[in-house]
Amino acid sequence: TKNKGKQISSQKRFNKEEVNIICYEDEIVEPSVNDIDFISKTKVLEAYKKVKKPCIALDVGFYIENYPDKPGFPGAFVNRELLDVFGVEGLIERTKNMDNRYCYFKESLAYYDGKDLKYFYGYSYGSLSKEIKGNDKKEQWSKLWSVFIPQNCDKTMAEMTEEELTNRPDNHTCAFDEFAKWLNDKNK
């Protein structure tokens, strides 16, 4: 990934002496399918072909349950149908009359070691803010952090301190954490 937030998040989950995450700067064509499992699988298999070492690939979708005329929008197409087209400002404008602002992030992390393909998932549920709040952060994965308020929280992710992000009371799960648990159990 070229996403610095994903790079920071992945390395935080592992002891560097045990697992060293290396990000390769290489282009992998992302399939134009609104399915994060298919995208993460395609990317991890392609990455493995290039480096011939165990690889992980993470794809994240963002789902707005009651988006006008398109429930679940944008799904896997966060950049190509939302951020690159009308941005966070346009999202706020298009959803200003929505009463139910429920939305969530879903992560699909695929692992492939040349033999086994495994998936790990993460979820973060919350609501869409009515305005952009907070500042960009080095660990952010998306501009959507400025409009996503995690469940049981009163701030957007972009407004939270690093400690608040780490200790959120929203019962979110992280695909990197699920992968780290599996890898730790596997290596015992």
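Structural data are supplied above this passage.
Residues numbered from 1 in each chain as written. Predicted model: local features only at pLDDT ≥ 70, side-chain atom pairs only at ≥ 80, totals over all residues. Heavy atoms only, no water.

1. Let's talk about the sheet that holds strand β1 (residues 55–64)
Here comes step 1: Strand order in the open sheet formed by five strands is β2-β1-β3-β4-β5, with antiparallel pairing between adjacent strands. Here the strands that pair on one side only, and so sit at the sheet edges, are β2 (73–75) and β5 (148–150). On average, each strand axis in the sheet is tilted by 30 degrees relative to the strand beside it, whichever way the strands run.
Here comes step 2: Inspection of the sheet shows β1 paired to β2 by three bridges, in the antiparallel sense. Note that in β2 the partner of Y63 across the bridge is P74.
Here comes step 3: Packing against the sheet, helix α2 (residues 36–51) makes contact with β1, β3 (102–112) and β4 (117–128), and its axis sits at approximately 160 degrees to β1. (Pairing = 2+ DSSP bridges. Helix = DSSP H or I, 4+ residues; strand = E, 2+ residues; numbered from the N terminus. Axes fitted to C-alpha atoms, helices over the stretch in contact; angles between N-to-C directions. Contact = heavy atoms within 4.5 Å.)

2. What about the nonpolar core?
Here comes step 1: Within the largest apolar cluster, 34 residues are counted, with the highest numbers of intra-cluster contacts made by F62, I64, L91 and L144.
Here comes step 2: Of all the elements in the fold, those that place two or more residues in this core are β1, α3 (78–83), α4 (87–94), β3, β4 and α6 (175–186).
Here comes step 3: Dropping the residues within four chain positions of it, L144 is found in contact with F62, V78, L82, L83, V88, L91 and F105.
Here comes step 4: Grouped together as the second largest cluster of nonpolar side chains are six residues, A47, A57, A110 and Y112 included. (Core = buried A, V, L, I, M, F, W, Y, C linked by side-chain atoms within 4.5 Å. Buried < 20%, exposed > 50% of the residue type's maximum accessible area, 1.4 Å probe, protein only.)

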